[in-house]
There are 4 protein chains.
Amino acid sequence: MSSQNPVFIPGPSNIPERLRRAIDVPTIDHRSDSFAELFRPLFAGVRKVMKSSDAEVIFFPATGTAGWEAAITNTLSPGDRVLAARHGMFSQRWIALCRRHGLDVQTIEAPWGAGCPVDAMGEALTRDVGHRIKAVLVTHNETATGVRSDVAEVRHALDAARHPALLFVDGVSSIASMDFRMNEWGVDLAVTGSQKGFMLPAGLAILGVSQKAVAAMDTATCPRCYLDLRDMLMANAKGGYPYTPPVNLLYGLGTSLEMLDEEGLENVFARHQRIAEGVRRAVAAWGLELCARSPDLYSDTVSAIVVPDGFDGTKIVTHAAEKYGTAFGVGLGEVAGKVFRIGHLGSLTDVMALAGLACAEMAMADLGLPVRLGSGVAAAQEHFSRTGPKALSQAA
Amino acid sequence: MSSQNPVFIPGPSNIPERLRRAIDVPTIDHRSDSFAELFRPLFAGVRKVMKSSDAEVIFFPATGTAGWEAAITNTLSPGDRVLAARHGMFSQRWIALCRRHGLDVQTIEAPWGAGCPVDAMGEALTRDVGHRIKAVLVTHNETATGVRSDVAEVRHALDAARHPALLFVDGVSSIASMDFRMNEWGVDLAVTGSQKGFMLPAGLAILGVSQKAVAAMDTATCPRCYLDLRDMLMANAKGGYPYTPPVNLLYGLGTSLEMLDEEGLENVFARHQRIAEGVRRAVAAWGLELCARSPDLYSDTVSAIVVPDGFDGTKIVTHAAEKYGTAFGVGLGEVAGKVFRIGHLGSLTDVMALAGLACAEMAMADLGLPVRLGSGVAAAQEHFSRTGPKALSQAA
Amino acid sequence: MSSQNPVFIPGPSNIPERLRRAIDVPTIDHRSDSFAELFRPLFAGVRKVMKSSDAEVIFFPATGTAGWEAAITNTLSPGDRVLAARHGMFSQRWIALCRRHGLDVQTIEAPWGAGCPVDAMGEALTRDVGHRIKAVLVTHNETATGVRSDVAEVRHALDAARHPALLFVDGVSSIASMDFRMNEWGVDLAVTGSQKGFMLPAGLAILGVSQKAVAAMDTATCPRCYLDLRDMLMANAKGGYPYTPPVNLLYGLGTSLEMLDEEGLENVFARHQRIAEGVRRAVAAWGLELCARSPDLYSDTVSAIVVPDGFDGTKIVTHAAEKYGTAFGVGLGEVAGKVFRIGHLGSLTDVMALAGLACAEMAMADLGLPVRLGSGVAAAQEHFSRTGPKALSQAA
Amino acid sequence: MSSQNPVFIPGPSNIPERLRRAIDVPTIDHRSDSFAELFRPLFAGVRKVMKSSDAEVIFFPATGTAGWEAAITNTLSPGDRVLAARHGMFSQRWIALCRRHGLDVQTIEAPWGAGCPVDAMGEALTRDVGHRIKAVLVTHNETATGVRSDVAEVRHALDAARHPALLFVDGVSSIASMDFRMNEWGVDLAVTGSQKGFMLPAGLAILGVSQKAVAAMDTATCPRCYLDLRDMLMANAKGGYPYTPPVNLLYGLGTSLEMLDEEGLENVFARHQRIAEGVRRAVAAWGLELCARSPDLYSDTVSAIVVPDGFDGTKIVTHAAEKYGTAFGVGLGEVAGKVFRIGHLGSLTDVMALAGLACAEMAMADLGLPVRLGSGVAAAQEHFSRTGPKALSQAA
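Residues numbered from 1 in each chain as written. Chains lettered and ligands numbered in written order. Predicted model: local features only at pLDDT ≥ 70, side-chain atom pairs only at ≥ 80, totals over all residues. Heavy atoms only, no water.

**What to know about the domain arrangement of chain A**
Residue and element names in this part refer to chain A.
So, point 1. Domain boundaries assigned for chain A yield domain 1 (17-261) and domain 2 (265-395).
So, point 2. For domain 1 versus domain 2, the separation of C-alpha centres amounts to 27 Å.
So, point 3. Across the contact, 30 residues belong to domain 1 and 26 residues belong to domain 2.
So, point 4. A buried area of about 2300 Å², summed over both sides, lies between domain 1 and domain 2, and 60% of it is on carbon and sulfur atoms.
So, point 5. Counting across the domain 1 and domain 2 interface gives three salt bridges.
So, point 6. Across the pair Arg86 and Glu334 runs a salt bridge, and its minimum N-O distance is 2.8 Å.
So, point 7. Where domain 1 touches domain 2, the interface holds 13 residue pairs in polar contact (both at pLDDT 80 or more).
So, point 8. Class assignment for the residues of the side of domain 1 that touches domain 2 results in 13 nonpolar, nine polar and eight charged. (Domains from an automatic or database assignment. Contact = heavy atoms within 4.5 Å. Buried area = accessible area lost by both parts, 1.4 Å probe. Salt bridge = Lys/Arg side-chain N within 4 Å of Asp/Glu carboxyl O. Polar contact = N/O pair within 3.5 Å; in protein donor to acceptor, adjacent residues only side chain to side chain. Nonpolar A, V, L, I, M, F, W, Y, C, P; charged D, E, K, R; others polar.)

Pasting the structure below:
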């Protein structure tokens, strides 16, 4: 694997130079005023990215999985019912996690490649007249299938059923790359991580917590300690942490928020959309299809590409790594072997994306797939050229 | 706070140049062979540092607190009894954590400044003929008081009582800086972090788990998911992680282990001892005393220094930070205000230690304490000069 | 300009991660043993790259231009005659430099795009029966035109004429990327820099000096001081410098030599040749031609591509920088506007090269040149796929 | 040598974190607008530091020695007379350099430890009624002896003699650390480097050139090419360089200028003065004397300390390096063995300075010198405590 080629995995994303430098800091006393000064602006910065006016923002020294766990253990009690759809690896894992904590998960099955089945969820909510469902779990962007779900529609379903359940959203591979509207969608708990749209190494689980979710903490009896939101909120209020914080990543997050702000959040989303569309045109030019079943479901951060029947998609990933030193994502779970994935999130330029497409099509051609060299690249080039790409303005 | 002065907090410790560079890496695919190659040697490396021949070694993307939590949730069930002493902030917190998980903590109180009360523990174990106590918790090095406890004696007490309880040890501020003998002491679960003796930023909870503790996982019913050892062992066996690993810290750990090996573990311990002794001689020259009640309890990684009655020790820390840009540790919990702390662990040279002592005595003198300028420095210099200090051999 | 896209200028080349880290060092005393230890192995390392058994190797804190100047001022005297060909920007500049120092330059004109006119040189040498010509200047790789000259043939011409003149070679953009045989070709003074094949930032002028050239120093009367080879050789012999050395670049050079050695010098040359051939096939697919007039002249480090008559090649470079944040080289001197240049030297992977080709063809198409999108990329992909590219093995 | 201890050599100085990061940049096209944007503000920034309103500012990829050479070769012709004092290693070297270029150097001898002998210079200028002296050379801060000379007085001597000679000043170890007034003192050519007050690695020779000196270029016939100011001024005017510039150091210089500006130039000078005074008090407490003969000559960037007769001062430096991994400066030239030097320039805090003093006194005591441990440290502490030191405000 070359350290000079960009990675095309759906996270961790490529760390831009400015963030490389921002996290390369000597040891700083996390009980000092210097730390408090660095720490304080992060809350408002993340709220802006999540489009929330009043969420509590939390940074656990952990990953997105810990974020999911914190979401449920801090707000629910064993035996509580949650409603969730299973339509990809990450929605499936969240369900498993709930079960470990003794929650009663009402699961709606949907095909891998479909979005969150909002109609079925609506029906389930409507039928739940006793409001046994305490929380609804939605995976905004299924990283395994490259599928974006419609969180606003889930909110509409909740509202239509006049259901008081909390709405929890996994935004790990969407937040800071795709539009996310915590307030407008009435999201009660949003989970993300440092290593995707925020362009940092893994190591921060980032949560946005609505005041309604904060209130739910009082009655939640799931045991938790490291991931206890109350401890964290109390310590944060004094500018500190209940334990040693990951100072360098928090520094980096400050710079990441600056970069997002300088580019403009809507421009960041537009850039992701534009590059994703270039990738999708390349896929079409290769004669292949996405795992996502319809255009409204297409993710702007990752594309899962279906390989021909009988071909093992994992080979493309292994071959690209071995021969060309370039990383793509394998298929996971139900779609293992059936897809390979191109991550196109975070700090990416058109030129970097073209490098990935050129490599992917070489790898496929090497392995005998009927992909014409240059075809996908040309389709993406045509799109990038026409839609006025601009390079990221990250000065070194 | 100056970014050029070393820190003298009891962790995170100063990151040496070689580790600064080791963790400054671009994104690497954590599902690639490159990652697996980097990852694999870490297990044996940590076993060597812990002096264990067969422990399972685990790296959670988290901090030491998560390590404590993983220790108990993976091996115990709600209602299980654990035996613990409360004699400092960190032993106290571990007890609180156990209670959150519904454990029945049998607490032995001891003064802050004393070590783990082995006799009282022995008695408790002897009395526990029904073996209700499932685990004994020991804080090897109380970071709040600068006290080292005698883990070997606790093992003797367990053996003398023929008690089968698991022995869990918090080695967060000792492992890789002070001698730790997992095999010899019969430790079942040792917990540490990346940010102390391993000289890295915070972000890795590192566990050594005996085969007896591994066996205890089968019956443990405490709910856990992010910190589940079974998931981790299973994923690690395949060279991977159950979620996104903190790749750059794992890289850094590899280099940290190399550095410890190059210097020689016993030399590392001797260096810590020698520098700690220099600090202690300075404290004596200042006419002050350590919080640790007797020389056998003195920690080689942190010294908690008792300030004169009626004087608020926190002021020293604040003043040194504001006027001289240098970080020391405040007193915590019962000894808040009564002590201030000098951390002297990790990658430290004599010259760095003298800088800290010179700063501390200036700060004390500034605040009117009867400390003669140069007195502590001279006492430490005499010790360093005589005991043949050598600079760390970390080539840049 | 994006800091995330590779550059495709003919130097400075892209700095690999390992070298980025190697030069990121704190201040080291350049009069210490540590410095001497780092410094000493560099001489043999560079000799190996230059394929010399006995050259003195010199590192000036300067650039290649200073290397040219040191070459002549240390070995010649005002009024001395030198023989040189003018067939590109860099050969032209060297001639100008000689004239500034009062040398009598006998210039042979050759077209820009041609190589060093060996026949004409041979004739001039043969005619020079009085041996007034003291030195022959050859530009091994004309960076302005992408032309490699045949140094061995110049040596044959010298030998055929039994002419004792010194042979000076500008290897700035060839050494460490293309085969260079100081001993075999009888080169007396070879000049290069840190920022091309050695993959470092600019800042080191590197010279290989034959013992014959060393002997010439005794009689040379051109004034020099900063660039005096005698001062340098004397100081180097004691492990030091006559003034403050650029310690971090010398550290970096040590690592650069390690990297070249690990990959194997012949493999490095083969990689450059293979990637250069991919670029050339792309150029052919675009329907364009190289400035270099015949395949034997093709440079493996830079390709100067002739744009259609009436089109200003500089526009391609400006456009690629502005719209795609990617740097290519403009035409210089006589070929300004007539060519644009793709640098393909140093630490480059196939995937990076494809990114550059994809960008160049987008830029050309944007500007209305009759270049089909994907065509050049496909030609290079076909070549890379077939010739078994492997990623650089630079572990992060 | 430890990479964690600060260095106490009189340059290169310790590179602050912020500058470490500023120069750690990927390759940037030096012919791009990005480079021009970075480059342009540097001129005014350096003028401000030199206190000049209209000097041309030049950055050669070289060191201070090259700066001296550029000063004379660009403004003088072989045979021209220059007036210079020899009172230390660096003034001596400049004289030697002039002689290499055929200048007629009228040398005034002064003791090493004395300043520039202004009276004798005044007499020489007054006697030179034919104005054969074309330039007067002054070493503002003799790094070898720790002596500051009075440039203003030299200007007065020139004015008093109504002498039109150019005034050239070596400010390598003073500019950006000690007050330097190019306009007020009528300096025609000021020379410095990146590695002292500018806190960067070596690699930039920085010149301030008065319009009078610019005018002198037209007639100067000393041959020069790499260091030709005309080529440089012409290329700079277009935002570029006549050859490959050291882009990363120029980036760093931009940040260095920002740091100096943020702290405030007068505050930077005051900090140097205050820390230097602490060092001098330590020297007095050790019972030793400075090489500088009187307080008005004391340098604020380096102290040369005279060791007892018969003792070899070099041993202190060697011993401190070997036993304590800390770098000091040896004596040079006439004072080799007779002094050792403590550099205290650039980005230094009180705490760092105390570390150096503590180390130096340990080293002296180890070697049997009658220096009481802690004595020098205490004297400096007293001074630092009383004069209200503040840590450098360099946020990490």
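On we go from here.
**Some details on the relation of the copies chain B and chain A**
So, point 1. Relative to chain A, chain B is turned by 180° and slid 0.0 Å along the rotation axis, the superposed coordinates differing by an RMSD of 0.0 Å. Overall, the copies show the geometry of a two-fold rotation axis. Nearest to the rotation axis, the C-alpha of Ala62 of chain B is located 2.6 Å from it, this being the minimum over chain B.
So, point 2. In this assembly the copies share their binding face: 100% of the residues contributing to the interface of chain B also contribute to that of chain A. (Least-squares fit on C-alpha atoms with pLDDT ≥ 70 in both.)

**Focus on the interface of chain A and chain C**
So, point 1. Taken together, the contacts link 43 residues of chain A with 43 residues of chain C.
So, point 2. Across the chain A/chain C interface, buried area totals approximately 3200 Å², and carbon plus sulfur atoms make up 55% of it.
So, point 3. Broken down residue by residue, the surface that chain A buries against chain C is led by Gln4, Val351 and Gln381 of chain A, which jointly contribute 21%.
So, point 4. Viewed at the interface, chain C and chain A are joined by two salt bridges.

**Some points on the packing of helix α12 (residues 265-285) of chain C against helix α15 (residues 375-386) of chain C**
Residue and element names in this part refer to chain C.
So, point 1. Between α12 and α15, the shortest axis-to-axis distance is 7 Å and the interhelical angle comes to 145°. The crossing of α12 and α15 is right-handed. Facing α12, whose interface residues are Arg274, Ile275, Glu277, Gly278, Arg281, Ala282 and Ala285, α15 presents Ser375, Gly376, Ala379, Ala380, Glu382, His383, Phe384 and Arg386. (Axes fitted to C-alpha atoms, helices over the stretch in contact; angles between N-to-C directions. Helix = DSSP H or I, 4+ residues; strand = E, 2+ residues; numbered from the N terminus. Left-handed = near helix turned anticlockwise from the far one by under 90°.)

**As for the side chain of Asn74 of chain C**
Residue and element names in this part refer to chain C.
So, point 1. Positionally, Asn74 belongs in the loop between α4 (64-73) and β2 (81-86).
So, point 2. You can call Asn74 buried: its relative accessible area is 0%.
So, point 3. Within the structure, Asn74 has its side chain in polar contact with the side chain of Arg224 (distance 3.0 Å).
So, point 4. Here the side chain of Asn74 touches Leu229 through a polar contact of 2.8 Å, landing on its backbone nitrogen. (Buried < 20%, exposed > 50% of the residue type's maximum accessible area, 1.4 Å probe, protein only.)

**As for the environment of Arg372 of chain B**
So, point 1. Topologically, Arg372 of chain B is positioned in the loop between α13 (350-366) and α14 (375-386).
So, point 2. With a relative accessible area of 58%, Arg372 of chain B lands in the exposed category.

**Quick word on unusual backbone geometry**
So, point 1. Pro12 of chain C follows Gly11 of chain C through a cis peptide bond whose omega is -5°.
So, point 2. Locating Pro12 of chain C in the fold gives a position in the segment before α1 (17-22).
So, point 3. With a phi close to 55°, Lys51 of chain D is a non-glycine residue in the positive phi region.
So, point 4. Among the secondary structure elements, Lys51 of chain D is positioned in the loop between α3 (41-50) and β1 (56-61).

**Thoughts on the sheet that holds strand β11 (residues 302-306) of chain C**
In any sheet, the strands associate via hydrogen bonds between backbone groups, in a parallel or an antiparallel arrangement.
Residue and element names in this part refer to chain C.
So, point 1. A sheet is described by the order of its strands in space; here four strands give the open sequence β10-β11-β13-β12, paired in antiparallel fashion. Each edge of the sheet is formed by a strand with only one pairing partner; in this case those strands are β10 (289-290) and β12 (329-330).
So, point 2. In this structure, β11 lies alongside strand β13 (residues 339-343), joined through five bridges in antiparallel fashion. The residue of β13 that forms the bridge with Val302 is Gly343. (Pairing = 2+ DSSP bridges.)

**Overview of the relation of the copies chain A and chain C**
So, point 1. Here chain A sits on chain C after a turn of 180° about the axis and a move of 0.0 Å along it, with an RMSD of 0.0 Å.
So, point 2. Take the interface residues of chain A: 100% of them recur as interface residues in chain C, which is what a same-surface contact looks like.

**What to know about the interface of chain B and chain A**
For an interface, size is often stated in terms of accessible area lost upon the parts coming together.
So, point 1. Taken together, the contacts link 51 residues of chain B with 51 residues of chain A.
So, point 2. In this assembly, chain B packs against chain A so that about 4100 Å² is buried in total across both faces, 56% of it on carbon and sulfur atoms.
So, point 3. Contact with chain A buries area across many residues of chain B, yet Thr27, Arg100 and Tyr226 of chain B alone supply 17% of it, more than any other trio.
So, point 4. Summed over the shared surface of chain B and chain A, the number is six salt bridges.
So, point 5. Asp231 of chain A is the partner of Arg100 of chain B in a salt bridge, and the nearest nitrogen-oxygen pair spans 2.8 Å.
So, point 6. Residue assignment for the side of chain B that touches chain A shows that the elements contributing at least two residues are α2 (33-39), α4 (64-73), α5 (89-100) and α9 (229-237) of chain B.
So, point 7. Residue composition of the side of chain B that touches chain A, grouped by class: 24 nonpolar, 14 polar and 13 charged.

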